[in-house]
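# Tertiary structure, described
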Amino acid sequence: MSDLLELMAKRMDTLARLENSSELHRAASNGHFAVDRSPAGAGLMERIQAIAQNVSDIAVKVDQILRHSLLLHSKVSEGRRDQCEAPSDPKFPDCSGKVEWMRARWTSDPCYAFFGVDGTECSFLIYLSEVEWFCPPLPWRNQTATQRAPKPLPKVQAVFRSNLSHLLELMGSGKESLIFMKKRTKRLTAQWALAAQRLAQKLGGVRRDQKQILVHIGFLTEESGDVFSPRVLKGGPLGEMVQWADILAALYVLGHGLRITVSLKELQSLDLESLPAQSTSSASDHLLGPVGAEPVVGVPPGRGSCPLTVPLPFDLVYTDYHGLQQMKQHMGLSFKKYRGRCRIRVIDTFGTEPAYNHEEYATLHGYRTNWGYWNLNPKQFMTMFPHTPDNSFMGFVSEELNETEKQLIKGGKASNMAVVYGKEASIWKGKEKFLSILNKYMEIHGTVYYESQRPPEVPAFVKNHGLLPQPEFQQLLRKAKLFIGFGFPYEGPAPLEAIANGCVFLQSRFSPPHSSLNHEFFRGKPTSREVFSQHPYAENFIGKPHVWTVDYNNSEEFEAAIKAIMRTQVDPYLPYEYTCEGMLERIHAYIQHQDFCTAPGPAPPGARAPQSPFILAPNATHLEWARNASLAAGAWPPVHSLRAWLAAAGRACTDACLDHGLICEPSFFPFLNSQDAFRKLQVPCDSTESGMNHLYPAFGQPGQECFLQKEPLLFSCAGSSTKYRRLCPCRDFRKGQVALCRACL
């Protein structure tokens with residue numbers, strides 16, 4: 001600092017001389033002198049010189065302190081030289097190797113010096129035992145003094161909010177994506193408020209603790225490329241932005257404290273003191289500005305080589321795969337071992353199956369992709385649709401119509417009007433055959449983006465409105481009879497919006513089904529799921545008369561479907577789980593009951609309870625939880641909703657449970673992971689083994705061998721093999737809310 005100030009003083013002096021010379025020359029030519037400039041320049045020079053002198057004095061004092069400290073340290077080192085040698089402890093086999101590494105590389109990252117590493121053996125061992133975990137604690141160190149106690153978050157009761165104006169401020173501005181999200185939130189404010197009122201009545205006096213929540217939307221950061229924002233106004237995909245807008249609204253309406261970041265700089269600049277202010281006001285919840293100096297994720301300065309030293313000051317962190325990667329990079333070594341990982345919730349559109357999530361297993365068995373392998377509890381991944389019960393279903397909302405609006409829509413429908421699902425011209429390419437057939441019966445409308453010239457992929461007989469704002473697009477859907485998809489995009493929100501506005505949705509059946517094995521779009525995604533249509537949720541959970549799925553390669557079937565749809569009358573329909581109330585109910589249940597930090601681990605494979613909690617159902621087809629059996633404390637969903645079936649060979653648990661009108665529930669696997677479960681199902685196990693396989697527990701054929709799961713993270717509803725009959729845990733579900741069992745609220 002002293003050197004910099006001295007350099008600044010020299011430059012100021014040079015500039016002053018140049019300025020005086022210039023002023024003198026200019027004044028001489030004008031016949032007068034500018035005498036008012038010199039004193040100001042001189043005053044500034046005097047101040048800089050005074051600061052420089054003060055800094056110089058401080059530097060001398062600091063140097064004296066350092067010399068004294070080094071002298072004292074050398075004396076201490078002499079007295080404890082024998083105590084600063086890498087111990088030979090079988091519990092810490094990597095200690096000596098890490099000390100060697102520190103000797104050679106401790107200057108590679110400033111974070112080591114931040115924690116007191118100075119090149120001495122003692123500093124290496126202190127760091128490796130107290131900051132990291134590779135060496136045993138040194139007996140002469142005060143262990144309690146080195147541990148920083150986390151500041152507990154105060155418990156405040158959450159109160160529903162109906163005014164979202166402060167949320168709009170928190171969301172920020174400057175990106176087209178954020179503008180789109182804010183417009184959506186503002187448009188749905190009244191529906192969120194009504195939903196909050198209804199849910200509050202349903203829950204009664206249930207106490208809800210206010211959670212402090214960090215929301216880091218990684219895909220919108222510049223560091224991830226932010227390919228979405230520039231395409232918002234050009235027909236790009238909006239599904240992720242729709243979902244994130246609704247997640248923010250739901251968390252805020254439920255009364256929780258939020259911090260929202262959409263850039264890495266914002267994430268890094270957060271600090272421990274900048275938590276949301278605790279408030280029970282239902283109207284607004286103001287935030288404290290950044291006043292501290294310590295990063296929110298407890299990351300020391302440097303390149304991320306050192307671990308976190310303090311827990312996250314948030315109860316929950318919502319992010320996506322991009323945000324997860326960014327947090328890993330900036331949390332460095334600690335990310336794998338840090339206990340705050342259990343608080344993370346990953347918004348994951350297409351889902352992550354357990355076989356892809358477990359790093360070691362994925363690497364050994366060919367499931368490793370560019371995504372996945374995070375070793376999280378699979379329920380920490382939250383999907384857009386309920387297609388992967390191993391994950392949690394987050395969802396989004398569609399606008400809900402009141403009865404008056406529904407009647408107006410039914411009276412204003414044009415029986416021969418169709419709207420094509422596809423804002424990008426590439427989706428229309430090669431679809432002339434279907435469009436020609438459709439054109440014989442219906443007036444076709446499109447909303448394809450273009451700048452100056454009409455896209456050549458869109459036939460002349462199609463009325464193209466260009467890209468429409470959401471309210472105008474809704475009006476178009478309210479007039480149309482048919483909303484037709486051409487196979488892409490997969491699983492977006494638009495078909496649900498169309499059905500909610502009284503349209504019939506027509507989509508193509510895929511044969512063979514699309515998956516990572518045969519389709520580029522799914523390649524690299526952490527799932528083996530097979531997609532049999534453009535929108536499986538609409539096909540399986542809604543179906544006819546609202547949704548028709550046909551073979552587009554069969555012209556006769558396609559044309560017959562159009563004729564049938566024209567004769568079909570449908571009312572506007574929206575599944576409860578996609579209403580504002582349904583989403584609030586679901587997220588409330590997750591926040592209230594999902595706990596991946598303190599949930600007890602499963603019993604060891606083969607462990608047997610003193611008394612089996614299972615009984616064979618009267619028809620001898622499956623197991624049920626015995627009424628007189630004690631309930632597992634803290635288990636959610638409640639275990640009395642468990643139904644266990646032995647699936648047919650080659651059948652996944654996801655499908656086996658659906659065959660019985662139930663949902664696979666992976667959190668129940670630990671209760672079934674025992675010889676007793678097979679015995680109660682009268683399965684003849686000649687032998688029983690434990691192993692790491694995402695298909696276990698299962699009954700092997702041939703061989704009559706039973707297999708139990710060794711790795712809890714690999715319990716998986718997904719996955720099948722003709723070699724195994726899988727033991728599957730199923731549960732019931734609430735009508736219109738597949739994510740929750742009947743007793744889950």
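Residues numbered from 1 in each chain as written. Predicted model: local features only at pLDDT ≥ 70, side-chain atom pairs only at ≥ 80, totals over all residues. Heavy atoms only, no water.

### Here we look at the overall build of the protein
Scanning the protein from terminus to terminus reveals 24 helices and 21 strands. Sorting the 745 residues of the protein into buried and exposed places 50% on the buried side. Counting contacts in the protein only where the partners sit at least 6 residues apart, residues at least 24 apart contribute 71% of the total. (Helix = DSSP H or I, 4+ residues; strand = E, 2+ residues; numbered from the N terminus. Buried < 20%, exposed > 50% of the residue type's maximum accessible area, 1.4 Å probe, protein only. Contact = heavy atoms within 4.5 Å.)

### Remarks on unusual backbone geometry
For the peptide bond that leads from F488 to P489, omega is 5 degrees, which places it in the cis range. Among the secondary structure elements, P489 is positioned in the loop between β10 (482–485) and α18 (494–500). Of note, the amide linkage connecting W636 to P637 takes the cis form, showing an omega dihedral of 0 degrees. Note on placement: P637 falls in the loop between β15 (623–625) and β16 (643–646). One non-glycine residue with positive phi stands out, namely N375, at about 60 degrees. Structurally, the position occupied by N375 is in the loop between α14 (359–365) and β5 (381–383). For A620, which is not glycine, the phi dihedral falls at a positive 60 degrees.

### Looking at the pattern of salt bridges
One pass over the full model with this rule turns up 22 salt bridges. Salt-bridge contacts for E100 lead to R103; the nearest nitrogen and oxygen are separated by 2.3 Å. You can see E100 and its partner R103 sitting in helix α3 (residues 95–105), three residues apart, about one turn around the helix. Put simply, K440 and E559 hold a salt bridge, and the shortest N to O gap is 3.1 Å. Of the two residues, K440 sits in the loop between α16 (432–439) and β8 (443–446) while E559 sits in helix α20 (residues 555–567), which places them 119 residues apart along the sequence. Residues joined in a network through salt bridges with shared partners are R198, K202, E581, E585 and R734. (Salt bridge = Lys/Arg side-chain N within 4 Å of Asp/Glu carboxyl O.)

### Here's the deal with the state of the cysteines
In a disulfide, the sulfur atoms of two cysteines are held together by a covalent bond. In this structure the tally under the stated criterion is eight disulfides. C664 shares a disulfide with C717; S-S distance 2.1 Å. Because the sign of the S-S torsion sets the handedness, a value of about -85 degrees for the bond joining C664 and C717 places this disulfide among the left-handed ones. Placement of C664 in strand β17 (residues 663–664) and of C717 in the loop between β20 (705–709) and β21 (724–731) is noted, with a sequence separation of 53 residues between them. (Disulfide = S-S within 2.5 Å.)

### Points about empty space enclosed by the protein
For the structure on display, the rule yields one cavity of 30 Å³ or more. Counted as a void, the largest cavity has a volume near 40 Å³. Forming the boundary of the largest cavity are R208, D209, H256, H588, I591 and Q592. Its residues assigned to classes, the lining of the largest cavity shows one nonpolar, three polar and two charged. (1 Å grid on protein atoms, 1.4 Å probe; cavity = no way out; pocket = protein on both sides within 12 Å on 5 of 7 lines; lining within 4 Å. Points joined across faces, edges and corners; volume = space filled by probe spheres on them. Nonpolar A, V, L, I, M, F, W, Y, C, P; charged D, E, K, R; others polar.)

### Some details on the packing of aromatic side chains
What the rule picks out here adds up to 41 aromatic pairs. Judged by centre distance (5.5 Å) and plane angle (40 degrees), the rings of F385 and Y537 are tilted. Here F385 is found in the loop between β5 and β6 (392–393), whereas its partner Y537 is found in helix α19 (residues 536–542), with 152 residues between them in sequence. Residue F385 shares its accessibility class with Y537, and that shared class is buried. Judged by centre distance (5.7 Å) and plane angle (85 degrees), the ring pair of Y696 and Y724 falls under edge-to-face. Highlighted residues: Y696 in the loop between β18 (687–691) and β19 (698–700) and Y724 in strand β21, separated in sequence by 28 residues. Residue class for Y696 comes out buried when judged on its relative accessible area of 8%. Positioned over the ring face of Y373 is R368, at 3.8 Å from the centre of the ring. (Phe/Tyr/Trp six-rings, centres within 6.5 Å; stacked < 30°, edge-to-face > 60°. Lys NZ or Arg CZ within 6 Å of the ring centre and 35° of its normal.)

### Comments concerning the sheet that holds strand β1 (residues 212–216)
On the basis of which strands lie adjacent, the open sheet formed by six strands has the order β2-β1-β3-β4-β5-β6 and parallel pairing. Two strands in the sheet have a free side with no partner beyond their single neighbour: β2 (257–261) and β6. Bridging between β1 and β2 involves five bridges; their strand directions are parallel. By the bridge assignment for β2, H216 is matched with T261. Helix α10 (residues 239–253) contacts β1, β2, β3 (316–320), β4 (344–347) and β5 of the sheet and is inclined by roughly 170 degrees relative to β1. (Pairing = 2+ DSSP bridges. Axes fitted to C-alpha atoms, helices over the stretch in contact; angles between N-to-C directions.)

### Focus: the environment of C122
With respect to the helices, strands and loops of the structure, C122 is situated in helix α5 (residues 121–130). Given the relative accessible area of 9%, C122 is considered buried. Taking C-alpha positions, C122 is 9.3 Å from L138, a pair spaced 16 residues apart along the chain. In this view, C122 contacts C84 and W140; residues no more than four positions away in its chain are not counted.

### Re the nonpolar core
By size, the foremost hydrophobic cluster in this structure holds 83 residues, and its most contacted members are M181, W192, V215, Y318 and F483. With 11 residues, the top contributor of residues to this core is α10. Here this core spans two domains, since at least three of its residues come from each of domain 2 (164–271 + 304–393) and domain 3 (403–573). Other than its neighbours up to four places away in sequence, M181 contacts M171, I217, L220, M241, W244, A245 and L248. Among the nonpolar cores identified, the runner-up in size contains 28 residues, and A425, I437, F486 and I562 belong to it. (Core = buried A, V, L, I, M, F, W, Y, C linked by side-chain atoms within 4.5 Å. Domains from an automatic or database assignment.)

### A short note on the side chain of E665
With respect to the helices, strands and loops of the structure, E665 is situated in the loop between β17 and α23 (669–672). By relative accessible area, E665 is classed as buried at 3%. If sequence neighbours within four positions are ignored, E665 has contacts with K379, P637, C717, P729, C730 and R731.

### Considerations on the packing of α10 against helix α21 (residues 580–593)
Orientation of α10 relative to α21, taken along the N-to-C sense of each, is 70 degrees, at an axis distance of 10 Å. In terms of axis orientation, α10 runs roughly perpendicular to α21. Classified by chirality, the crossing of α21 by α10 is right-handed. In this structure, α10 contributes D246, I247, A250, L251 and V253 to the contact, and α21 contributes M583, L584, I587 and I591. Taken together, the residues that form the contact of α10 with α21 break down as eight nonpolar, no polar and one charged. (Parallel < 35°, antiparallel > 145°, perpendicular 65-115°, else oblique. Left-handed = near helix turned anticlockwise from the far one by under 90°.)

### Description of the pairing of β20
Buried residues dominate β20, accounting for five of its five residues. On β20, burial covers both faces: E705, F707 and Q709 on one face and C706 and L708 on the other are all buried. Bridge count between β18 and β20: five bridges; the pairing is parallel. Bridging across to β20, S687 finds its partner in E705. In this sheet, β20 lies alongside β19 in antiparallel orientation, the contact comprising three bridges. Paired with A698 across the bridge in β20 is F707. Where β19 folds back onto β20 in an antiparallel hairpin, the turn is made up of four residues, including G703, whose phi is positive at roughly 115 degrees.

### Side note on α5
In terms of burial, α5 is a largely internal element, eight of the 10 residues being buried. Lining the buried residues of α5 we find α3 and α4 (110–114).

### A few points about the confidence of the model for the protein
Low-pLDDT stretches of the model should not have their predicted coordinates read in fine detail. Residue-level pLDDT values for the protein average 84, and 79% of them are 70 or greater. In the predicted structure, residues 19–40 sits below a pLDDT of 50 and forms seven contacts with residues beyond four places in sequence or in another chain. (pLDDT = per-residue confidence, 0-100.)

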